Amino acid sequence: MIGPRISPGPGSHSSPRRAAGALAAFVAVALPLLSLAAPAKAQVVEDRFPGVSLELISEGTRALPFAIQPFAAPPGREDLAQRAENIAARNLRYSNRFQVLDSLPSSITRGSEVDYALWDQVGAAFLLTGRIEVSGNRVELVTEVHDVIYRERRGQGRFALPGVDTPEFRMAVHAASDAAVEWATGEPGMAASRIVFSRLGEGGNRELWVVDSDGENLRRLTNHGNLALTPAWSPDGRRIAFTSFVSGLPRIYELDLATNRERQVPAPRSGDYITPAYAPDGQTLAFAITGSSGRSGLYTYNIGRECCFTTLIESRNEDLSPTFSPDGRRIAFMSNRLGVGAPQIYLMPAGGGQAEILSPYRFDRRGYYSSPDWSPRGDRVAYYGRIDRIGWHQILISEVGRGNRILQLTPNQSGNNEDPSWAPDGRHLVFTNGSGRGGATSLRIVDAVTGNTRTLVSGMDVKYPDWSPSLARLVTAVDDR
Amino acid sequence: MHFPRLFMVAAVISAVSVSACRRDAPEPPAPPPPPPAQAGPDMDSLRAYQDSVARAQEAARAEAERQRRVEAARATLTAMVNFDYDDSSIRSDMEPILRQKVEILRASPNVRLRLEGHTDERGSGEYNLALGSRRAQSVLNFFRDSGISENRFETTSYGEERPLVNRSDEAAWAQNRRVEFAIIAGNDQINPPGQD
């Protein structure tokens, strides 16, 4: 009798939302029964605000059972295989797409052939295999994903493994995990990615820090001894643009992660240069200039060619925090044009022009919305805010073009939830969570489909997280066959 | 014979007046050298000497008073201005201090200021950067509308990032919502209003 450990699938974590009964309950079922992740059910929690509901993105997906065959290794390299398997298992769990069956006894495998009948009996829909191959100095991880039901291989990859204690080792396994997600579902993963954020340190200063998507490899990036704020990844994952006060006045800088060199966006006129974001071309930065003799607005600068300031929008209001749609045709941003103390989220053409409101504005409510981030899938904009003048901030999603339906992702009792940023898979979001008094104290990750939430880092004052694009191509050579 | 005692007094006063004198202050008249010790009492030179001592004392007093007024003017110039929650308009109770600043700026044409806007910790960090900018801009507008050239100011915002009081209550928030004034030029050329 086989006795595999069943790891929790999506929905089996307890969460305040589930306690509130906003989600259809998931049932953890013992083998061989499969738990079915029911599609999230919409529930309007704020009848006073028609159109805004505490609910999740409705994908109608099942959490398919994904078994991991114990990774194989040549004699003496078993620890390598074990480490890689553990990292991959956690990644698959964090993807919130599967019920992961791992930590199986190695005796379950017989020979090199995949025993589909066995895995069918275990209840797996997919199977991940992995083996370490060593030739000379070169160590590689070879992975395969098999469809147990159709009894066929869905994909195979070969990933160069650097030294086992380096961040690159983990990143290589993350890349392998994302490949497994893609082979199984046809959708991108997000394990091979990092989150940059602004962390409070000595003397009230803030530096940029970065952490892997699984919470490992936390490290400091800048050493400005001042305020480094609102970081944004370049689309190729090689650079980070941010605001720093290191010169005495807020200016925009770009940090090259490979060389650790920084360059500054020139400041041809007075004002505070804040909230940069990259266009999909990776060369154009959009940002806000505020406080320049009443002329505030959104501007772009081509940092690749080091030229060409353009004005997107300029007025006596403040327009800031731009974010590009993935096709580069539109920008979402926040603006206080409807009144001081009630910033709203707007969309407009990327070259400037007529702006339309996206956030759920009600004339007498003084709703407050901030920090938009356009989903890499293109059809959603996340931001945060509150519908009333008082109350905690919650993470919201507007579904662009589908009647701009608005979903509230975080439950009302969970404190202040701010600064959402999309993962490269287009379904997870990182955000800050705090009590609302003093700075936020943790970064959390929520899956917009299942509502599962986990803590990424905690016990520090954190702000402005930005999730990188997929870094799989940067850190390891993937050899699809 | 009173000369030795007078000599000592004069030396002390002279030392005091020199030490009270700043680099940029006019030199007080130097007291004349004491009369030769072997000469007999000469009422004219004694009177002249006493007059010069009085003048030195008066100059020292005036200089000390001027310094006191300059320091007061500097304190007025850099006194913070506070704001209401999520508001960048100048509060009526803040107008008197701003008008005093205007008088000093008028009398001190070489002084330049950086206006630094701050907010409390509530609300969006990005929005608060903009709110701080707007507060600095409100102060700049007040100065400009009072006839002071806006070229004498630069503005910036620290948003919620540099709280004055690191607590989370109404009293702390009220102090943290502010514009600070940093003297970036002419710090040694501050003239109290009504002088010169």
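Since this is a predicted model, take the numbers as computed values, not measurements.

**Side note on the overall build of chain B**
- The helix and strand inventory of chain B stands at five helices and four strands.
- Residue burial in chain B is summarised as follows: out of 196 residues, 42% are buried.
- A sequence separation of at least 24 residues applies to 79% of the contacts in chain B between residues at least 6 apart.
- In the structure as shown, chain B presents an accessible area of about 10,100 Å², 54% of it carried by carbon and sulfur atoms.

**Some thoughts on the interface of chain A and chain B**
- The partner chain B presents 25 residues to the 42 residues of chain A that form the contact.
- When the two sides are added together, the surface that chain A and chain B hide from each other amounts to roughly 2,600 Å², 48% of it contributed by carbon and sulfur.
- Put simply, chain A and chain B have four salt bridges between them.
- On the surface where chain A and chain B come into contact, there are 17 residue pairs in polar contact (both at pLDDT 80 or more).
- For the side of chain A that touches chain B, the elements supplying multiple residues, two or more each, are strand 11 (228–233), strand 15 (272–278), strand 19 (319–324), strand 23 (368–374), strand 24 (380–386), strand 27 (416–422) and strand 30 (453–467) of chain A.
- A breakdown of the residues in the side of chain A that touches chain B according to their chemical character gives 14 nonpolar, 19 polar and nine charged.

**Description of the packing of aromatic side chains**
- This structure, assessed with the given rule, holds 13 aromatic pairs over all chains.
- Ring geometry for A:Tyr369 and A:Tyr383: centres 6.0 Å apart, planes at 85 degrees, overall edge-to-face. Here A:Tyr369 is found in strand 23, whereas its partner A:Tyr383 is found in strand 24, with 14 residues between them in sequence.
- Under the relative-accessibility criterion, A:Tyr369 is labelled buried at 0%.
- An aromatic cluster is present here, built from A:Tyr273, A:Phe287, A:Tyr301 and A:Phe309 joined pairwise through their rings.
- When the ring centre of B:Phe181 is taken as origin, the NZ or CZ atom of B:Lys101, which lies over that ring, is 3.6 Å away.

Procedures and definitions
- Residues numbered from 1 in each chain as written.
- Chains lettered and ligands numbered in written order.
- Predicted model: local features only at pLDDT ≥ 70, side-chain atom pairs only at ≥ 80, totals over all residues.
- Heavy atoms only, no water.
- Helix = DSSP H or I, 4+ residues; strand = E, 2+ residues; numbered from the N terminus.
- Buried < 20%, exposed > 50% of the residue type's maximum accessible area, 1.4 Å probe, protein only.
- Contact = heavy atoms within 4.5 Å.
- Areas by Shrake-Rupley, 256 points an atom, 1.4 Å probe, with all protein chains shown as cover.
- Buried area = accessible area lost by both parts, 1.4 Å probe.
- Salt bridge = Lys/Arg side-chain N within 4 Å of Asp/Glu carboxyl O.
- Polar contact = N/O pair within 3.5 Å; in protein donor to acceptor, adjacent residues only side chain to side chain.
- Nonpolar A, V, L, I, M, F, W, Y, C, P; charged D, E, K, R; others polar.
- Phe/Tyr/Trp six-rings, centres within 6.5 Å; stacked < 30°, edge-to-face > 60°.
- Lys NZ or Arg CZ within 6 Å of the ring centre and 35° of its normal.

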